[in-house]
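Each chain, written out:
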Amino acid sequence: MHSVTLYHWEPNANSGKPMLALMEKGVAFHSHYVDMLSFDQHKPDYLAVNPQGTIPTMVHGERVLTESTAIMEYVDDTFGGPKLMPDDARERWRIRWWMKFMDQWLGPSFSMIGWKVFVGPAVRDRDPAELQAAIDRIPLPERRVAWRKAISGEFGAEELQESQRRVALGIRLLEQELARRPWLASDQYSLADINGFNLAYALPLAQPALSNDELTPNIMRWLRAIYARPATRACWALGRTSLVKRVTILEQPHIGAGQVA
Amino acid sequence: MSVTLYHGEPNGPSLTVLAALFAKEVPAELRYIDLAGGERHTLPFAQEPLVAMSIEGEGPVLVADGEPMSDSVFLACYLDDVGPGAALRPADPYDRWETMRWCRQLIERTAPAAACLGCDAHPPQLDQGVLERIASLDLRARWQQITAGQFSEAQLADSRTKIHQAAERTEERLANREWLMGAFSIADLESYAWLAGMVPLVPVAFAAKPRIAAWLERVRAHPAVARALSYARTAEPLASWSIGPEINRWG
């Protein structure tokens, strides 16, 4: 068996997807923490592994894999352990639909808000020349724009409002979907749940006016059920930042409207 | 299993799904709809969330045993799973990963650029009264932008750059292969579906790229693609465009 190395940041968003998928499958891997807030992902050591400078990257033997959702499918296809995609073709379609919706529509809106309140403030106070040099090293032009905006707090009111609209609509759609089925898009625990948890684990803290046990009981049931899994506990225990420690909100048995400030 | 495919002209996402359906020999009822007129939004299942909120833009809808399904790449994966025809994805997990990653990059970067340039050159005309029926507000906004003819020069230039990059990636990839993933696959279908119509619109991106020219011919001649193209109702399906995915909002 070839060894697996995962280059990842926090168990959050894209990094957390292959981390949790590997842990659910019981695949041992060498964890290589890439400190995004120190711009490790744009330094030569990391660019030698993944020239695009995106996180995460998985190395399996000689194979180098990027794009977190595609990595998860590879992990499920390649390794033993519990299947994280159902046998039914239509359920697989539904799972992929939801993962794309989260990766490309809902996730970027969550992350614009997250970068504004967490990532930007976390790095903003450093030496401006050092920050500029860090931005200049970013290989993908789209990511350069994203970092510049996050650091300078340049997100416009209109784009933040559009992100908030999408977050509110996305929460409604998730709640509807989870009222229909025990898990997201399927009757069994799958990659869609792993993907969704990485997006929504702190939802009642991040969006207290939109998500709590009264407004979104199915989302809350679903988040707690995923958090109760041993793999999720082990995965989130690897988190180092206050961002990820927010997951403990799910230990509260009931979160009512207006309970989280 | 009962399958109905609502499709438009064989270009873009409709071409991918029609050709996948034929390649996989899945029996289906075909229903032609005017995707470029917004007819999808008048269908009885148009408000179902997984149709209404598809971020592909105006793509085909496959109804399998009553469930309306959208998104051309994943519909092709579904057909690949259920049909008896030759596989449309490689068997090896790493090659499968490469296929999915290739398609993801196409969907994210190439498709929005191609739809922008295609709609700019051949603007779709939304039927009367359809705008208010479009449930997704961001899709509605893209329709309003196209109706007002509002693509900026910067957007068009950025889109041409993305077509250049896609053509370069494809040319490079074909250095030692006939098909993008070794055997004919969903990656060939989806790449052809977005790029073939770009040849007349961004000719310089395809100039002096002999491998991509030969590959375009090969894909066009594939029996499943040829059959899909035979469902065209216009003289030039490559000039038929409707609203595509949105251009990345940030990062």
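Residues numbered from 1 in each chain as written. Chains lettered and ligands numbered in written order. Predicted model: local features only at pLDDT ≥ 70, side-chain atom pairs only at ≥ 80, totals over all residues.

Chemist: Can you break down the interface of chain A and chain B residue by residue, with the values?
Modeler: In this assembly, 28 residues from chain A lie in contact with 25 residues from chain B. Listed by contribution, the elements that provide at least two residues to the side of chain A that touches chain B are β4 (63-65), α3 (68-78), α4 (89-123), α6 (141-152) and α7 (157-180) of chain A. Tallying contributions element by element places α4 of chain A first for the side of chain A that touches chain B, with 12 residues. (Contact = placed C-beta atoms within 7 Å. Helix = DSSP H or I, 4+ residues; strand = E, 2+ residues; numbered from the N terminus.)

Chemist: Got a sec to walk through the pairing of strand β2 (residues 30-33) of chain A? Specific residues and values, please.
Modeler: Residue and element names in this part refer to chain A. Two strands pair when backbone bridges link them, and strand β1 (residues 4-8) and β2 are joined in this way by 4 bridges, in the parallel orientation. Within β2, the residue paired with His8 across the bridge is Tyr33. For the crossover from β1 across helix α1 (residues 13-25) to β2, the handedness is right-handed. (Pairing = 2+ DSSP bridges. Right-handed = clockwise from strand over helix to strand, strands pointing away.)

Chemist: Could you give me a rundown of the pairing of β1 of chain A, with the residues and numbers involved?
Modeler: Residue and element names in this part refer to chain A. Summarising burial for β1: 4 of the 5 residues are buried, a large majority. With 4 bridges connecting them, β1 and strand β3 (residues 57-60) associate as antiparallel partners. Each residue of the ladder has a partner; that of Tyr7, found in β3, is Thr57. (Buried ≥ 20, exposed ≤ 12 C-beta atoms within 10 Å, placed from the backbone.)

Chemist: Can you lay out the sheet that holds strand β3 (residues 61-64) of chain B for me, pointing to particular residues and giving the numbers?
Modeler: All names here are of chain B. In space, the 4 strands of this open sheet follow the order β2-β1-β3-β4, with mixed pairing throughout. The open sheet has two edge strands, β2 (29-32) and β4 (67-70), and neither has a second partner. The average angle at which neighbouring strand axes cross in this sheet is 20°, direction not considered. For strand β1 (residues 3-7) and β3, the ladder comprises 4 bridges, and the chain directions are antiparallel. Across the sheet, Val3 pairs through a bridge with Ala64, a residue of β3. (Axes fitted to C-alpha atoms, helices over the stretch in contact; angles between N-to-C directions.)

Chemist: Run through the environment of Asp76 of chain A, naming residues and quoting values.
Modeler: Residues and elements named next belong to chain A. Mapping Asp76 onto the fold places it in helix α3. For Asp76, a count of 20 C-beta atoms within 10 Å puts it in the buried group. The sequence separation of Asp76 and Leu191 amounts to 115 residues, and the corresponding C-alpha distance is 8.6 Å. Discounting residues that sit within four places of it in the chain, Asp76 has contacts with Ala21, Lys83, Leu84, Met85 and Leu191.

Chemist: Give me the lowdown on the environment of Pro84 of chain B, citing residues and values where you can.
Modeler: All names here are of chain B. Within the element layout of this structure, Pro84 appears in the loop between α3 (72-82) and α4 (93-121). Exposure remark for Pro84: the 7 C-beta atoms within 10 Å place this residue in the exposed category. Between the C-alpha atoms of Pro84 and Ala23, which are 61 residues apart in sequence, the distance is 9.0 Å.

Chemist: Please provide a residue-by-residue account of the sheet that holds β2 of chain A, values included.
Modeler: Residues and elements named next belong to chain A. Spatially, β2-β1-β3-β4 is the arrangement adopted by the 4 strands of the open sheet, whose pairing is mixed. Strands with a single pairing partner mark the edges of an open sheet, and in this sheet they are β2 and β4. Averaged over neighbouring strand pairs, the angle between their axes works out to 15° when direction is ignored. Strand direction decides the pairing type here: β3 and β4, joined by 3 bridges, are antiparallel. By the bridge assignment, Val59 is partnered in β4 with Val64.

Chemist: For the nonpolar core, give the residues involved together with the corresponding values.
Modeler: With 131 residues, the main nonpolar core has Leu223 of chain A together with Ala19, Ala20 and Ala76 of chain B as its most contacted residues. The greatest single-element share of this core, amounting to 13 residues, is contributed by α4 of chain B. Ala76 of chain B has contacts with Thr16, Val17, Ala20, Leu88, Ile186 and Leu189 of chain B, leaving out every residue within four places of it along the chain. Of all hydrophobic cores here, the second largest spans 6 residues; its members include Trp115, Ala146, Trp147 and Ala150 of chain A. (Core = buried A, V, L, I, M, F, W, Y, C linked by C-beta atoms within 7 Å.)

Chemist: An account of the confidence of the model for chain B is requested, with residue identities and associated values reported.
Modeler: The predicted model of chain B has a mean per-residue pLDDT of 96, with 99% of residues at 70 or higher. Across the interfaces of the predicted complex, the ipTM metric reaches 0.97, alongside a pTM of 0.96. (pLDDT = per-residue confidence, 0-100.)

Chemist: Please give an account of unusual backbone geometry that cites residues and values.
Modeler: In the segment running from Ile55 of chain A into Pro56 of chain A, the intervening peptide bond is cis, with an omega of 5°. Looking at the secondary structure, you find Pro56 of chain A in the loop between α2 (44-49) and β3. A positive phi angle, near 55°, is found at Glu25 of chain B, a position not held by glycine. Examined against the element boundaries, Glu25 of chain B turns out to sit in the loop between α1 (12-23) and β2. Using a count of 12 C-beta atoms within 10 Å as the deciding quantity, one classes Glu25 of chain B as exposed. Notably, Ala208 of chain B is not glycine yet its phi reads approximately 55°, a positive angle. Positionally, Ala208 of chain B belongs in the loop between α8 (203-206) and α9 (210-221).

Chemist: If you had to explain the packing of α4 of chain A against helix α8 (residues 191-200) of chain A to someone new, which residues and values would you point to?
Modeler: All names here are of chain A. Contact pair α4 / α8: the axes reach a minimum separation of 9 Å and the direction vectors enclose 10°. In terms of axis orientation, α4 runs roughly parallel to α8. Only Leu191, Ala192, Asn195, Gly196 and Leu199 of α8 make contact with α4, whose side of the interface consists of Ile95, Trp98, Met99, Met102, Leu106, Gly107 and Phe110. The residue makeup of the contact of α4 with α8, split by class, is 9 nonpolar, 3 polar and no charged. (Parallel < 35°, antiparallel > 145°, perpendicular 65-115°, else oblique. Nonpolar A, V, L, I, M, F, W, Y, C, P; charged D, E, K, R; others polar.)

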